[in-house]
Amino acid sequence: MENEKDKFTITARFKSFKYAFNGLRHFFIVEHNARIHLVAAAFAIVISFYLNISTTEWIAIFTVVVIVFIAEIFNSCIEKLADVVSPEINSQIKLVKDMAAAAVLIAAILALAVGAIIFLPKLF
Ligand SMILES: Nc1ncnc2c1ncn2[C@@H]1O[C@H](COP(=O)(O)OP(=O)(O)OP(=O)(O)O)[C@@H](O)[C@H]1O
């Protein structure tokens, strides 16, 4: 039988959005790395306007910027969860955190590469 909690309601859907925005607010206000990514994203967007990039190039820039943010949000989540699960030193937790950080690194390298491919020929 369907539980009250499982029913589709507009109020419940709005609450989900509220929780998601709460997470986003926390990420941008509390997480220091978010500020670095925000500055880098703003820089990329300003250069994009300045160099008058094409629609396809805008799509590429927005895509890599969002990929970096998604990777960083998940990295922050994993760090927080790991700190709750195991506040003490643990070799498995070390690997988990290092791999989460590796995901951000790969996303950042992709963003740099795409930025270089789009911007460098227009600059030099
Ligand atoms: N409980 C732990 N056990 C073993 N190693 C850990 C543990 N916590 C952190 N580390 C090691 O320290 C590194 C940094 O972890 P930390 O949680 O401080 O993240 P951080 O680099 O400060 O993250 P950020 O700068 O994104 O907040 C991890 O990648 C991991 O190698």
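Summarised in this report is the structure supplied together with it. Residue positions are counted from 1 within each chain, in the order its sequence is given. Note on the predicted model: pLDDT of at least 70 is required for a residue's local features to be given, and 80 or more for side-chain atom pairs to be given and counted; whole-chain, interface and lining totals, by contrast, use all residues.

Overview of unusual backbone geometry
Of note, N52 is a non-glycine position whose phi angle comes to about 50°, a positive value. Per the convention used, a helix needs a DSSP run of H or I reaching at least four residues, while a strand needs a run of E reaching at least two, with both numbered from the N terminus. Tracing the chain through its elements places N52 in the loop between helix 2 (32-50) and helix 3 (55-85). N52 gets classed as exposed once you count the C-beta atoms within 10 Å, which come to 8. Counting other C-beta atoms within 10 Å of each residue's C-beta, where C-beta atoms are placed from the backbone, gives the exposure class: buried for 20 or more, exposed for 12 or fewer, partly exposed between.

Description of the site of the ligand
By definition, a residue lies near a molecule or strand when the C-beta atom built from its backbone is within 6 Å of it. The ligand sits among N33, E79, S86, I89, N90, I93, K94, K97, D98 and A101. Top element by residues in the shell around the ligand is helix 4 (residues 91-123). It accounts for 5 residues. Gly falls in the polar group here, along with every residue not listed as nonpolar (Ala, Val, Leu, Ile, Met, Phe, Trp, Tyr, Cys, Pro) or charged (Asp, Glu, Lys, Arg). Each residue belonging to the shell around the ligand can be placed in one class, and the counts come to 3 nonpolar, 3 polar and 4 charged.

Remarks on helix 2
Here helix 2 is 19 residues long and its end C-alpha atoms lie 28 Å apart, about the 27 Å a rise of 1.5 Å per residue gives. For helix 2, the full list of buried residues reads H37, A44 and S48. Take helix 2 and look down its axis: the buried residues cluster within an arc of 40°, on one side only. Among the exposed residues of helix 2, those oriented more than 90 degrees off its buried face are H32, R35, I36, V39, A42, F43, V46, F49 and Y50. Buried residues in helix 2 make contact with helix 3 and helix 4. Just beyond helix 2, the residue with positive phi is N52, at close to 50°. The span you would expect from a helix comes to 1.5 Å times its residue count less one. Regarding the arc, it is the one traced by the directions from the helix axis to the C-beta atoms. By the convention adopted here, residues make contact when the C-beta atoms placed from their backbones lie within 7 Å.

As for the environment of T55
Among the secondary structure elements, T55 is positioned in helix 3. Residue class for T55 comes out exposed when judged on the 7 C-beta atoms lying within 10 Å of it. Sequence spacing of T55 and I109 is 54 residues, and the spatial spacing of their C-alpha atoms is 22 Å.

Digging into the nonpolar core
A set of buried residues drawn from Ala, Val, Leu, Ile, Met, Phe, Trp, Tyr and Cys, joined through C-beta atoms within 7 Å, is what defines a nonpolar core. Counting 10 residues, the largest nonpolar core consists of A44, I61, V64, V65, V68, A71, V104, A107, A111 and I118. The element best represented in this core is helix 3, accounting for 5 residues.

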